[in-house]
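A look at the structure
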6 protein chains.
Amino acid sequence: MQSLDELIFQALQEDAPFGDITTEAIVSGNEEGSAVIVVKQDGVICGLKIAEKVFKALDPNSLTETFADEGDWVNALRTVAKVRGKLKAILMGERTALNFLQRLSGIATLTKKFVEKASPYQVRIVDTRKTTPLLRILEKYAVRCGGGFNHRFSLSDGVLIKDNHIRVAKSVTEAVRRVRSKVHHLLRIEVETQNLEQVQEALECDVDAILLDNFDVDEIRRAVQLVKEWCERKGKRKPLLEVSGNVNLQNVEEIAQTGVDIISVGSITHSAPSLDISMEIE
Amino acid sequence: MQSLDELIFQALQEDAPFGDITTEAIVSGNEEGSAVIVVKQDGVICGLKIAEKVFKALDPNSLTETFADEGDWVNALRTVAKVRGKLKAILMGERTALNFLQRLSGIATLTKKFVEKASPYQVRIVDTRKTTPLLRILEKYAVRCGGGFNHRFSLSDGVLIKDNHIRVAKSVTEAVRRVRSKVHHLLRIEVETQNLEQVQEALECDVDAILLDNFDVDEIRRAVQLVKEWCERKGKRKPLLEVSGNVNLQNVEEIAQTGVDIISVGSITHSAPSLDISMEIE
Amino acid sequence: MQSLDELIFQALQEDAPFGDITTEAIVSGNEEGSAVIVVKQDGVICGLKIAEKVFKALDPNSLTETFADEGDWVNALRTVAKVRGKLKAILMGERTALNFLQRLSGIATLTKKFVEKASPYQVRIVDTRKTTPLLRILEKYAVRCGGGFNHRFSLSDGVLIKDNHIRVAKSVTEAVRRVRSKVHHLLRIEVETQNLEQVQEALECDVDAILLDNFDVDEIRRAVQLVKEWCERKGKRKPLLEVSGNVNLQNVEEIAQTGVDIISVGSITHSAPSLDISMEIE
Amino acid sequence: MQSLDELIFQALQEDAPFGDITTEAIVSGNEEGSAVIVVKQDGVICGLKIAEKVFKALDPNSLTETFADEGDWVNALRTVAKVRGKLKAILMGERTALNFLQRLSGIATLTKKFVEKASPYQVRIVDTRKTTPLLRILEKYAVRCGGGFNHRFSLSDGVLIKDNHIRVAKSVTEAVRRVRSKVHHLLRIEVETQNLEQVQEALECDVDAILLDNFDVDEIRRAVQLVKEWCERKGKRKPLLEVSGNVNLQNVEEIAQTGVDIISVGSITHSAPSLDISMEIE
Amino acid sequence: MQSLDELIFQALQEDAPFGDITTEAIVSGNEEGSAVIVVKQDGVICGLKIAEKVFKALDPNSLTETFADEGDWVNALRTVAKVRGKLKAILMGERTALNFLQRLSGIATLTKKFVEKASPYQVRIVDTRKTTPLLRILEKYAVRCGGGFNHRFSLSDGVLIKDNHIRVAKSVTEAVRRVRSKVHHLLRIEVETQNLEQVQEALECDVDAILLDNFDVDEIRRAVQLVKEWCERKGKRKPLLEVSGNVNLQNVEEIAQTGVDIISVGSITHSAPSLDISMEIE
Amino acid sequence: MQSLDELIFQALQEDAPFGDITTEAIVSGNEEGSAVIVVKQDGVICGLKIAEKVFKALDPNSLTETFADEGDWVNALRTVAKVRGKLKAILMGERTALNFLQRLSGIATLTKKFVEKASPYQVRIVDTRKTTPLLRILEKYAVRCGGGFNHRFSLSDGVLIKDNHIRVAKSVTEAVRRVRSKVHHLLRIEVETQNLEQVQEALECDVDAILLDNFDVDEIRRAVQLVKEWCERKGKRKPLLEVSGNVNLQNVEEIAQTGVDIISVGSITHSAPSLDISMEIE
């Protein structure tokens, strides 16, 4: 329940604080027309509902018909939607609609590529908090459209004790102790570790999840082994293992094979190139 | 005069609607501390003032010292800033500050690469309206930090008659006529053209600028020639020539050599990968 | 694309933060009724759509029928609209609707008087930035309804180098140089001048428009002559000439006859008396 | 306790959604400077604090010195304030500061003219709700600066039963009855009357105040007489008598002499011409 | 005319900044369903319209049928409403709808209990400004639903000179003098008194209402007597008498019998226990 | 990081949309003064920082000295704070400051009473989502000041599968399955149960926490036993046990003795009577 309408309104205001002077001069009245939205590059389509809302914001009577579902892989030159309504609204909303659509489709497309590499293994590709300010909900939605999973949404809905926290608390143990005594009982506790010693310390704190930060593949394998043996020895439930840092399309499969549960990838949101999509008046 | 403070506040709200539960458990009171911001990858730094404002928003008494100027090219492992203040604020603001900093530095860095290719020639590298919703002013600022120039900011402060407008008006001539009779006298008129016939028609309409959309390099050369000859013959001031569409780091220099005035590049804002930057508590 | 709905909502809030206590006591339930809006004074009607939106904001099912078009000259006692809907909404919205309608009609009416004096000549009557804070888009719309044209909408969509800028830059030439190297290529450059020497300097800078500020009619004539001769001698396109300062209904025709292109009149927005309009329950 | 800061912020946004492109090109850095605000026309100055806040909004370190008090009558060419600070802020804020200052001073000046005519008599000159949407608190402040008094601020803080209410309730008596049974006990009840019969009926309802709407001077005198006699006869406290409608500088003194308590004048807010004020960089 | 829609939107945002993660996992698509709202405790129902708006905000096509009128006394286990629509919206809106409904019904119920005790006497039970921040209009509406009356809504729509004001002005007389010379003519003046001396002073100031603050019942009787005698002796209209402070269900009837006009009770808004109401999916 | 400043601003706006007319008439200028805040009833003080912010919002130079810490138990007639500053600000802010302070102290006080009963046992007293719309963060803070713990803050930061969800999913098992496959890995899963059969089913689903809803004390004891035995038999970690529904000061100790981990109490937020606190100008 995000204020998507408000976001769209602000995006339109940003793009036309005093109106679209070109369009208003060219389209004299309330002529109606239609336009198609065409994908120019293979990829996953995501954001059609937002594009539809952009046109609705400018012309409440506009109608957007879609020819692909959110999350579909589509090939270049595929017409994914058609909007009918006041020409003024269509022309004025074009860039804002496409800006949302291209970015979200870009994220979904890159996510899909990671997911495909990881799919043979029991592992979730998840996003991070490295998202565009004010667009997090949309970008995390795009990750799901690309087949990925979400990590926590914010600093409020998940506990991740990071290196900087450990530095402040002086040890993993002390950091875990402080957090456990305060946070509500529906939250798990995850600790970010830099080496096997910290993994060991986290295990002894009985945390719910352990993040292996910037480990190379060999270190990941050793961590997986260490966790497995320790839990078997202690008769404990195995904590979740997450890998993060320098994950790319070249190494993601090898990481997935190590047996970790979760691979988080910042680049799927912060460095996904835009998908090429355009709109044409018919 | 954008509401940067409001934008930062909303970004912080997005990242912590009910506070940073991990940090609040770990940092018990008002302990002070410091952290350094380190660039992990060569590139142009951009957004240090915004990072500073993020920390100020959380701790008005925090102090951010910077060791690089906006727009500087910095090498990997360079410490670009140091923030001192309440540890709670530093830990809580980290991700939001970095999210702004990494995106803007990514844009500035990519822009700089285009600008360097084009610099021997009399040509401006400019941005487009393909920016992130709600971040346009910041992203256009990043383009300037990277040595680029800005195109119009919105649909309200510049006239660009695009293919969809021409389709509606039925001809370049009619579109120009309608616009000229309406817009205020401080605005120039630019027409987007798809071929040399449209360039010719735009010349006859006496427009101020002509956009060559998706022309290949040969076509660009021919358009430059056509415009030069026509203006000499008629004794007219030459309109500005802008190239747009499919410009990349491979072809930008060749395009720049054709003698056009402006090259607009969408990818510098919509597809710039984030610059890797991190923060470490000292 | 201005947030007209938000503006209307705030105006209604201002007029009734805790409701309309008189009306709520008098109208017990959801009785329906109708009211007519009657112009009490000859003038140009402007703002009927805004009045309609005021009543819609209070009663989404209300219907407003209009008997005049925006920009029509209407005579005293003419009924220009009829609104039907919940009596509570009609009574509560009356003053807010009329406040918009009377101000905008007042501006349109005064504009029309200037336009009629200037109409035999090739000259645009334009507005200024001397508008009511937060109502600029509406007031500039009223100017167009009165037959006038708009000047730039803001400091962001047009370049006008004024006397204070020249004082800072030390000369017209330097000011123009600085601006030309920075602003985007779709903007023209206009310079405000105080005397013929500055007009000459502006000509030599090849600016797109020259504003003659507070020139008397004789000086205007001399400026027109100077510009004409200089451009002919140099074979240059003539810059636009704008007159501003102390223009009134007595002298506007004489100024229009001098051959300038644009006359800007602050008083049409900042000093237009309200048009007398009232609402009566039937 | 109005959100004056928010209003000023929005006014500045309206005037420069993407910055002041001229000033930003001309003033390269953070140069400081000063400017004087000079009144060009005799009148009452009002709004200096708002002008000061405009410059503070753009440059928190700017300093505004004032040489006149709010409500002072000042003569043409008087320097009323001097602002020092960043030149960028001064140039960018000029028009917004003056737009507030000129409008409010215009209202205060016109109010003062009415007040001076009425001053020998025991009568309040008061404003109406015919104010500019969103500026009511400021405009009512200007009325007080001009020596006038305020009427109710809104539909929520005062009961005025108007002709349209009476039409709905079918009679003055019924309208008064309904209101009296509902509104809180700290509010008086005023009834708008169109003729002496209604005045009589209002008297019998024992209302606190009676508005004589559009009465000519003779009718006003008769109403005053009727009220006086009726109250003496009944041993009742005399209700307040207010005159409204077609009051101007020509007839206000004659009306004041009739012995009414209050004269409300819409034109002091809805039709006050702006006072001519300018700013000059030193 | 309060922004109830905005309030509801913010309440929903507060309860689900990133959506209802449980419901979104459980309800896969757009399944429709219905739920009943059942009162679990005898009391006055208030807020059904707000509950309806909560569900509409989440599902514009949802329909809420009500089986009781606002202000009705209902018995435990009574089904007061049924909502049909998207299951997601119903589940997500449940708590927010009930939070409004339970609080408002709690206030209405407690108010009703006071009103019933006072009903045989000519006295209004009124509320105070001791309401929940941001919910004042709703809570004062709940008071009316419970049969009570409202006191002033704010510091802007009624004059109440309190003990702290008198301390600042040094005397009741001086405080009244200052207020009378400034406030608009549609407002009455009430003075809060601590003892009979102040009541006497207030009478001599000819105020419209006198508040007896924290008087015990004997003192109230003496104040009533004093006022009656003084007014008869002077031939003046009797000011309204209001009692405030330590009024509870035990003593309210005795106070009502003393002949005062108004009894204001803070606890009906600040300490009303919530009414138990629940929602069940059918 | 909640927008507490915005909340306070809106509360002040609500209480004085056009200013505090009484105070503005009585306090002519910028006189300074001081006032003490006195608790009239024994209880836990909570909200002094918010009161301080209220006065700061009206007078940025005001100073509030506090004589008690948040969460302290204070006795009647204790002076807990003293504010110095402009008298206008102190008088105008009084009610808003007290409204926050009284409500939060009321909640903290009632919470403390529950906590004291439960303190001998290993059990957390926690709040619910039954909070006042828009005040949740503050009310949950008050619960912590009273010695309680927080439950989840919203529908976004914790999974609680309630009876209505189970009805939709048809079984506990299916509901858990759906949730587990979707929510992020840092969230635990709690299931609300109505009887021992559901407790058993929840155990078999291996959930992290089980809520016993409206169980009587006997049933709670049996559920505790069932869970203990099942987990021992299966060698599983015991899920957390939470009790909710009809918990009051009479039965809370007996419930605490059963060995459950968490007792959630709606009444500490939805039905806490306000603590009596007043302000006096010195």
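So, a few notes on the structure that sits alongside this text. Just so we're clear, the structure is a prediction, and the values are computed from it rather than from any experiment.

1. Some points on the interface of chain A and chain B
- Counting from both sides, the interface comprises 63 residues of chain A and, opposite them, 63 residues of chain B.
- Inspection of the region where chain A meets chain B yields four salt bridges.
- With its nearest N and O atoms 2.5 Å apart, the salt bridge here joins B:Arg136 to A:Asp15.
- Summed over the shared surface of chain A and chain B, the result is 40 residue pairs in polar contact (both at pLDDT 80 or more).
- Taken together, the elements giving at least two residues each to the side of chain A that touches chain B come down to helix H1 (4-15), helix H2 (21-26), helix H4 (87-118), helix H5 (136-145), strand E7 (159-161), helix H6 (163-169), helix H7 (172-180) and strand E12 (277-281) of chain A.
- Looking at which element gives the most residues to the side of chain A that touches chain B, the answer is H4(A), with eight residues.
- Residues of the side of chain A that touches chain B, tallied by class, amount to 32 nonpolar, 15 polar and 16 charged.

2. Comments concerning the interface of chain C and chain D
- At the interface, 63 residues of chain C touch 63 residues of chain D.
- Note on chain C versus chain D: buried area summed over both sides is about 5,400 Å², and carbon and sulfur give 57% of it.
- In this structure, the connection of chain C to chain D is made through four salt bridges.
- In this structure, the connection of chain C to chain D is made through 40 residue pairs in polar contact (both at pLDDT 80 or more).
- Elements with a minimum of two residues in the side of chain C that touches chain D: helix H1 (4-15), helix H2 (21-26), helix H4 (87-118), helix H5 (136-145), strand E7 (159-161), helix H6 (163-169), helix H7 (172-180) and strand E12 (277-281) of chain C.

3. Digging into the pairing of strand E9 (residues 209-213) of chain E
Residue and element names in this part refer to chain E.
- With five of its five residues buried, E9 lies for the most part within the structure.
- Residues Ala209, Leu211 and Asp213 point to one face of E9 and Ile210 and Leu212 to the other, with burial holding for every one of them.
- Relative to E9, strand E8 (residues 189-193) runs parallel, the two being bridged by four bridges. Residue pairing in the sheet places valine 191 in a bridge with isoleucine 210 of E9.
- Read from E8 through helix H8 (residues 196-204) to E9, the crossover connection turns out right-handed.
- In the sheet, E9 pairs with strand E10 (residues 240-244) via five bridges, with the strands oriented parallel. Looking at the pairing, alanine 209 lines up with leucine 240 of E10.
- With helix H9 (residues 217-234) bridging E9 and its parallel neighbour E10, the resulting β-α-β unit is right-handed.

4. A word on the environment of A:Val179
- Among the structural elements, A:Val179 can be located in helix H7.
- Counting along the chain gives 18 residues from A:Val179 to A:Ile161, while the straight-line C-alpha distance between them is 8.7 Å.
- Setting aside chain neighbours within four positions, we find A:Val179 in contact with A:Val159, A:Ile161, A:Ile189, B:Thr22, B:Ala25 and B:Ile26.

Reading the values: rules and limits
Within every chain, residues take consecutive numbers counted from 1 along the sequence as written. All chains are assigned letters beginning with A, and all ligands numbers beginning with 1, in the order in which they are written. pLDDT decides what is reported in this predicted model: residues at 70 or higher carry local features, side-chain atom pairs at 80 or more are listed and counted, and totals for whole chains, interfaces and linings draw on all residues regardless. Based on all heavy atoms of the structure, the side-chain values leave hydrogens and waters out of the count. Residues are treated as being in contact if the distance between any of their heavy atoms lies within 4.5 Å. Salt bridges are defined as contacts in which a side-chain nitrogen from Lys or Arg sits within 4 Å of a carboxyl oxygen from Asp or Glu. What qualifies as a polar contact is a pair of N or O atoms within 3.5 Å, subject to a donor-acceptor requirement within protein and to the restriction that residues adjacent in sequence count only when both atoms come from side chains. Numbering of helices and strands runs from the N terminus, with a helix taken as a DSSP run of H or I at least four residues long and a strand as a DSSP run of E at least two residues long. When residues are sorted by character, Ala, Val, Leu, Ile, Met, Phe, Trp, Tyr, Cys and Pro go into the nonpolar class, Asp, Glu, Lys and Arg into the charged class, and all the rest, Gly among them, into the polar class. When two parts are brought into contact, each loses some accessible area as probed by a 1.4 Å sphere; the total of that loss over both is the buried area. Buried residues are those whose accessible area, probed at 1.4 Å on protein chains only, stays under 20% of the maximum for their type, while exposed residues exceed 50% and partly exposed ones sit between those limits. When DSSP finds two or more bridges between a pair of strands, those strands are recorded as paired. Here the term right-handed applies to a crossover when the path leading from its first strand over the helix to its second strand runs clockwise, the strands being oriented away from the viewer.

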